[in-house]
Amino acid sequence: MLLSLLLSLTVHAADCDAVELSKSIKDATPHEAAPLFVQLAQCDAAAAKKTAKTAIPQLVAESAGFEAAIAAINVGAGESVMDWMATRQQDERSRAVRSYGKQCQESEAIQKFLVDAHGKLGDNFWTERWYRALTECRTDAITGLLQARVDQGPSEDRGLYFAVVEVYAANVGITAVPKLQTLISEESDVETQVNLIQALADAAQAGTVQGLNVKTAAAAAESLKSIVTNLPARAVDQARITLRVLQDEQGSDALVKVRYNDKLQDDEGLLYGAVVFENATCKNGKEAQRYHVAEVLDPGQTWPDQVEEKVKSSVEVSWKLNMAERCKGEGEVLYFTSDVPFKDKSEMKVWVKSVLSKQTKASVKKPVRIDEEPLAI
């Protein structure tokens, strides 16, 4: 009888036998009970609600069990599901919560279940990660829960707070942007600022299956740029990354002037340095070395980790790096660029001296130094 019922899950509700299903659930194994309960819920909601008290406690925390739990919630047996959830391990509870979240937007019963769960669990609703069900559940009540928790600010578990902010931003979307801007501006802790800045990308649905919301991304980018000049260096670094995620490359590059404001030159540009080594073993077996030193002039749109690529592009068309070829030997070309822009030329001289002390070969009697014209990148 059980096998027959399991093979007939697609039967139309009008054709099912609620009495027989209820009896079968009572005698079923936990694995058998879950699909049978789902069928009963489709057949007779009242009968399923009555049966839930005995059926739900025996569910196995797997996909079929989660489907049965959702069915129980939808027929009004949420209390039985709450009692069952209390007996689950953390990882099982997390998987169950995620399954509820997938159905939340379409089911008022699940929405009410989650709000009631918050009322019953209190702080445990957050520490047990129930908020993970709320990302795509966009109702006033659900959004209100997230908003209230964000307004409380970080607690001892700041990681939890950051995760809730992420869910809040993804849930609310463009409406979250002004709130996040205010939180970032008023925050004094740089780690919190960094995580709040990251949440702007979550508000724009960055990295989701749905894809970046262009309108929200634009609003988030403008919001961030409006406050970034008052942020500490580490927060500016994160702002650069977030703007790139929001597809504002120009805005991201422009932040280098904010990040290194104390290094700006008289022309509002930045001064980097480059040392390019040519190391060769000539045809006669002798080692040779030649190095080129140049100032690198940037108008204030290049970050330190972008300098080397731009320097290589410029050098390849303006310098002759042919020492190995001239002595009919083999060799290598090594590029060194400064990790940060310099305040002035004296700082650059110190850096060049350090590079030379590490890279000049003792085996070469007279390395050749060439001071090149400044490179504009």
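Since the model is a prediction, treat every value here as computed from it, not as a measurement. (Residues numbered from 1 in each chain as written. Predicted model: local features only at pLDDT ≥ 70, side-chain atom pairs only at ≥ 80, totals over all residues. Heavy atoms only, no water.)

Trainee: Residues and numbers for the nonpolar core, please.
Mentor: Generally speaking, soluble globular proteins have nonpolar side chains that are buried together. Of all hydrophobic cores here, the largest spans 102 residues; its most connected members are Phe37, Tyr100 and Trp130. Examining the composition of this core, we find that 9 residues originate from one element, helix α11 (residues 158-172), more than from any other. Residues contacting Trp130, with those up to four places away along its chain left out, are Met82, Met85, Arg93, Val97, Phe113, Leu114, Ala117, Leu121, Asn124 and Phe125. Within the second largest apolar cluster, 11 residues are counted, among which are Val275, Val293, Val355 and Leu356. (Core = buried A, V, L, I, M, F, W, Y, C linked by side-chain atoms within 4.5 Å. Buried < 20%, exposed > 50% of the residue type's maximum accessible area, 1.4 Å probe, protein only. Helix = DSSP H or I, 4+ residues; strand = E, 2+ residues; numbered from the N terminus. Contact = heavy atoms within 4.5 Å.)

Trainee: So what's going on with unusual backbone geometry? Residues and values would help.
Mentor: Positive phi values are uncommon outside glycine, yet Gln205 reaches one of about 65 degrees. Inspection of the secondary structure puts Gln205 in the loop between α13 (190-203) and α14 (214-227). On the basis of relative accessibility, which here comes to 14%, the residue Gln205 falls in the buried class. If you check the backbone angles, Gln247 has positive phi at about 65 degrees while not being a glycine. Looking at the secondary structure, you find Gln247 in the loop between α15 (233-245) and α16 (249-254). Residue Gln247 is classed as exposed on the basis of its relative accessible area of 61%.

Trainee: So, the side chain of Ser99: which residues are in play, and what are the values?
Mentor: For Ser99, the location among the structural elements is in helix α7 (residues 90-104). Not counting residues within four places of it along the chain, the set of residues in contact with Ser99 comprises Phe66 and Ile70.

Just distances and angles here, no functional claims.
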